[in-house]
Every structure is written in structure tokens, then in C-alpha cells.
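# A structural walkthrough
The lines below spell out each chain.
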Amino acid sequence: TYSQDIWTQSDWSNNQYTGFENLDPDASPGELILLNDPSNMVYAFSPTGLEGVWDLEVYDEKLFIAACTKPVAINGGEIIAYDYGSNSYEWEYDVWEQGVIQLRTFNGKLFVPGIDSQGGWDWGNCYIFDGNSWTMKSTIPHGIHVFDLIFYRGAMYVTTGTDLNNNSGKVYKSTDEGETWMEVYSVAPVGSGHRRFYMMGIYQDTLYIQSDLKEPEGKVLFRFDGNNWTSVQFDSLVSSVGKLE
């Protein structure tokens, strides 16, 4: 048998559900099956002419979407907001970058790292939305690429690729929401080339950072416990810009 269930939600972003209607326990006792089957995804909507959606983040009762065609290669990146209540979407903001791949929320604001500024190499960007207006902060020292932004123990951290110290990858920390930055960790290339830090995640109060897998560290994840920087070896890692959650 089949039961036509109705799931009414009052605040979907914070897991507050009003309730179920027409739930038939005899249809499938102890089991609920979502209408959207991940093995058979259905088309939802097309909010942009850009070719890729790279991240999604719930903020201010809407689903925010990061869209671009090819990060670190093609100019343009859009932030789009989808309103689930009205089943509509609207353009929110254009980042001045070659793409956008990451959205973060913290303390009632939405944060976006600037992956590849269309300006000079002296400063990298981050973008902040407080629910009413956007602020672009061009303050990250020589942040040619700012791949990720995360809050850890009350401070904001960004991962970068720079043109400093023979094209080193650097982690910066800010305690004033991106007005000023302090370098807290760095890796340098062996010989020519460049180094980069990529995506970040927090697990058991430890900050983990994706490496570029280059020597001398090799196939590692970097980690910071608030006091010391170490690394953990993963021989099966392959080069990519991943997402740590």
C-alpha cells in the first residue's frame, strides 16, 4: 500500500518541524522513505547561466548557492538565494573573482572567501553578508587564491596560495572579522613551483587543513589543536580541491 504523507515545516533550516499528516504506519512500519531518491535525482531549478554550483549554505531562512563556470580560470561568480517558502530564487551578489566555491556561516553572518581576485596580487578578498548588505574586504596579504574560510575558537582562518616567500601557501588568522591578519602557518615549495592550502574542517576541536600533497610534507592533512601544528599521513590521498566537513 502507499501512504500520501504531508510533512509541514515551520523552520526547515533549524530542524523545527510542525508535524506529519496522513501518516499510515501500516504502509511501511518503522520506515519513512523520502520522495527524493538520491539514486534518481530530479531536476529542481536553473538559477544561473553559469555552468556549476559549487557550494550550498543555509542562511537567513534561505538556501544560498555559490555558482561559477570554472574556478581559478574564468571570471565571474554569483551568490544566489533560494526561498523554499515561495519556491523562488533571486540573485544576491557578484563576487569580483574567477569563481566562487565556498560559503560559510558564523555568528549570524554569511562569509565567502575570494578564490581568485580579478584585481592585483597585493591583497586577497573575503566577502561578508549581514542579512542586509554585502562587504568586500581586500585585506588578506598577497592572497592570490583564498580557498577557504572558517571560524575556529572564535577566530577567522583562511587558506591561501601567495606570491610571498617563493610562492608559499599560507594560513592567516583574523580576530577582527577580516580587518587585519596574522600569518600562523606556511609551507614553501622545493625548488620552483608554488604551494597552496585548500579546504578546512573541524573535528573534535581540532582544525584540519587539506594540503596540496607536494613535498617535502607529501600526502598529509595538516592539523592545528589551538597550540601546535602537526600533520597526519594519508598515502591514499589524490590531488584535488576537496571539502572537509
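Everything discussed here concerns the structure shown above.
Residues numbered from 1 in each chain as written. Predicted model: local features only at pLDDT ≥ 70, side-chain atom pairs only at ≥ 80, totals over all residues. Heavy atoms only, no water.

### A word on the pairing of strand 6 (residues 88-94)
Judged from the six bridges that link them, strand 5 (residues 78-83) and strand 6 form a sheet pairing that is antiparallel. When the sheet's bridge partners are listed, Y82 is paired in strand 6 with Y89. The antiparallel hairpin formed by strand 5 and strand 6 contains four residues in its connecting segment, where N87 sits at a positive phi of about 55 degrees. (Pairing = 2+ DSSP bridges. Helix = DSSP H or I, 4+ residues; strand = E, 2+ residues; numbered from the N terminus.)

### Points about the sheet that holds strand 13 (residues 169-174)
Across the sheet, which stays open at both edges, the four strands sit in the order 11-12-13-14 with antiparallel pairing between neighbours. With one partner strand each, in any of the chains shown, strand 11 (145-152) and strand 14 (182-187) form the two edges of the open sheet. Ignoring which end each strand starts from, the neighbouring axes of this sheet average 20 degrees apart. As defined by bridge partners, strand 11 adjoins strand 12 (residues 155-161) across seven bridges and the pair is classed as antiparallel. Counterpart to F151 in the pairing with strand 12 is M156. (Axes fitted to C-alpha atoms, helices over the stretch in contact; angles between N-to-C directions.)

### Section: the pattern of salt bridges
In total, this model carries eight salt bridges according to the counting rule given. A salt bridge links K62 to E90; the shortest N-O distance between them is 3.6 Å. Here the residue K62 occupies a position in strand 4 (residues 62-68), and E90 occupies one in strand 6, the gap between them amounting to 28 residues. The class for E90 is partly exposed, based on a relative accessible area of 43%. What emerges from the salt-bridge pattern is a single network uniting R195, D212 and E217. (Salt bridge = Lys/Arg side-chain N within 4 Å of Asp/Glu carboxyl O. Buried < 20%, exposed > 50% of the residue type's maximum accessible area, 1.4 Å probe, protein only.)

### A word on the side chain of S117
Inspection of the secondary structure assignment puts S117 in the loop between strand 8 (109-113) and strand 9 (123-129). S117 sits in the buried class, given a relative accessible area of 10%. A polar side-chain atom of S117 sits 2.9 Å from the main-chain amide nitrogen of G119. A polar contact is formed between the side chain of S117 and the side chain of N125, at a distance of 3.1 Å. If near-sequence neighbours (up to four positions away) are discounted, S117 is found in contact with W96, E97, N125 and I144. (Polar contact = N/O pair within 3.5 Å; in protein donor to acceptor, adjacent residues only side chain to side chain. Contact = heavy atoms within 4.5 Å.)

### Concerning the nonpolar core
Residues F64, I79, V112 and W134 are the most contacted members of the largest nonpolar core, which totals 15 residues. Elements with a minimum of two residues in this core: strand 4, strand 5, strand 8 and strand 9. Among the elements that line this core, the one with the most residues is strand 4, at three residues. If you look at the next biggest cluster of nonpolar residues, it comprises 14 residues, including V171, V187, L207 and F222. (Core = buried A, V, L, I, M, F, W, Y, C linked by side-chain atoms within 4.5 Å.)

### Brief notes about the sheet that holds strand 3 (residues 52-59)
Spatial strand order, 3-4-5-6: four strands in an open sheet with antiparallel pairing. Whereas interior strands pair on both sides, the edge strands pair on one side only; in this sheet they are strand 3 and strand 6. Between one strand axis and the next, the sheet turns through 25 degrees on average, direction left out of account. As defined by bridge partners, strand 4 adjoins strand 5 across five bridges and the pair is classed as antiparallel. Opposite L63, over in strand 5, you have Y82 as the bridge partner.

### Focus on the environment of W134
With respect to the helices and strands, W134 occurs in strand 10 (residues 134-141). Assessed through its relative accessible area of 16%, W134 is described here as buried. Expressed as a C-alpha distance, the spacing of W134 and L110, which sit 24 residues apart in the sequence, is 9.2 Å. Other than its neighbours up to four places away in sequence, W134 contacts I79, E92, Y93, L110, V112, Y127, I128 and F129.

### Digging into unusual backbone geometry
Residue E215 is joined to P216 through a cis peptide bond whose omega torsion reads 15 degrees. Positive phi, normally seen in glycine, also occurs at R153, with a value near 55 degrees. Locating R153 in the fold gives a position in the loop between strand 11 and strand 12. Non-glycine residue L213 carries a positive phi angle of around 70 degrees. Turning to its location among the elements, L213 is positioned in the loop between strand 16 (206-210) and strand 17 (220-224). Owing to a relative accessible area of 17%, L213 belongs among the buried residues under this scheme.

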